[in-house]
Amino acid sequence: MDRLVEPKKVDITYETENPILYEVTDGVAWIMMNRPDFNNAQNGQMTYALDDAFQRAVNDDAVKAIVLGGVGKHFSAGHDIGTPGRDLHHEFDKRLMIAPHTNKPAAELLYTREQEQYLGMCRRWRDVPKPTVAMVQGACIAGGLMLAWICDLIVASEDAFFQDPVVPLMGIPGVEYFAHAYELPPRVAKEFLLLGERMPASRAERFGMVNRVVPREELRDATAAIAAKLAKNSRLGNWLTKQAVNHVEELRGKRSAMDAVFHMHHFAHAQNDLVTGDSIGGVSGKSAAASNKAG
């Protein structure tokens, strides 16, 4: 049960050395996911580059607000489950006092990795002391939701849609950063999860999950205008306001709910492994995309 295993050797081909682009303009840090050929699917390389970018923005006193976006047609198609750059079995230097994952057997490998790269990292970014704005266009699917939801505000283009299809695809109760029932009314959250259908930005705005919906061609300017207003606020005032609202969410049980669902999530992974021999039930990036288009 406690034995360690030899880390699995896999071929990983990164299409870019810069999965994240970073620039600062007028006190606003623009953090842009940069895997457009793979719809900004999030591999470990991107996740740790995101963490570096957020840390860079936090450390720079000239930065007063942060924008998170994605280069290309889509904000993010979610976690990388099928590109040449999928690096599940690559060991990165951990940021959150989590043990190495690649030498752990069976379900322990995923459980260890996702404690940091998914749940832990998202919580870390949610709590950065500067206001954050997600700029969402096109698809915001599964792991993409996690990145949008950690931001304080969300500005979406009219063609944006939100989706978590992992229940019908994999039998898994939503992504690891389980904010669904906090972002949406409970019955709508159940619909969102159980049916796995796309939610247009216009509907998401009605539920308060999105702050503004604008034409695609106006997305960057609209986001920049909001970020500019945030950058003019008191630095401490922004931070205290974030802490105040986040604290209310914690009083409502957000953190403990996420902890509970994270364990359900990994029970479902283990069940898939036992039944199909694959933690995500044999779903690939291509099969998931094909199913989504068919739907």
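Coordinates for the structure precede this section.
Below: a short report on this structure. (Residues numbered from 1 in each chain as written. Predicted model: local features only at pLDDT ≥ 70, side-chain atom pairs only at ≥ 80, totals over all residues. Heavy atoms only, no water.)

## Section: the sheet that holds strand 3 (residues 65-70)
Pairing within the open sheet is mixed, and its 6 strands lie in the order 1-2-3-4-6-9. Both edges of this open sheet fall to strand 1 (20-25) and strand 9 (212-214), since each of them pairs with a single strand only. The average undirected angle you get between the axes of adjacent strands in this sheet is 20 degrees. By the bridge criterion, 4 bridges tie strand 4 (residues 132-136) to strand 6 (residues 153-157) in an arrangement that is parallel. Paired with Met135 across the bridge in strand 6 is Val155. Lying on the sheet, helix 1 (residues 44-59) is in contact with strand 1, strand 2 (28-33), strand 3 and strand 4; it crosses strand 1 at an angle near 15 degrees. (Pairing = 2+ DSSP bridges. Helix = DSSP H or I, 4+ residues; strand = E, 2+ residues; numbered from the N terminus. Axes fitted to C-alpha atoms, helices over the stretch in contact; angles between N-to-C directions. Contact = heavy atoms within 4.5 Å.)

## Things to note about a nonpolar patch on the surface
Judged by side-chain polarity, Leu236, Trp239 and Leu240 come together as a nonpolar surface patch covering roughly 300 Å² of accessible area. Here Leu236 is to be found in helix 9 (residues 235-251). (Patch = residues over 30% accessible without salt bridge, like charges linked within 9 Å, V, L, I, M, F, W, Y side chains within 5 Å. Areas by Shrake-Rupley, 256 points an atom, 1.4 Å probe, with all protein chains shown as cover. Salt bridge = Lys/Arg side-chain N within 4 Å of Asp/Glu carboxyl O.)

## Side note on the pattern of salt bridges
Oppositely charged side chains can pair when the atoms bearing their charge come close. Counted under the stated rule, the structure contains 15 salt bridges. A salt bridge links Glu15 to Arg35; its shortest N-O distance comes to 2.7 Å. With Glu15 in the segment before strand 1 and Arg35 in the loop between strand 2 and helix 1, the pair connects residues that are 20 residues apart, well separated along the chain. Given a relative accessible area of 35%, Glu15 falls into the partly exposed group. According to the relative accessible area criterion, Arg35 is buried, its value standing at 1%. A salt bridge links Asp152 to Lys242; its shortest N-O distance comes to 3.1 Å. Of this pair, Asp152 sits in the loop between helix 3 (143-149) and strand 6 while Lys242 sits in helix 9, and the two are 90 residues apart along the sequence. Through salt bridges with shared partners, one network takes in Arg126, Asp127, Glu249, Glu250 and Lys254. (Buried < 20%, exposed > 50% of the residue type's maximum accessible area, 1.4 Å probe, protein only.)

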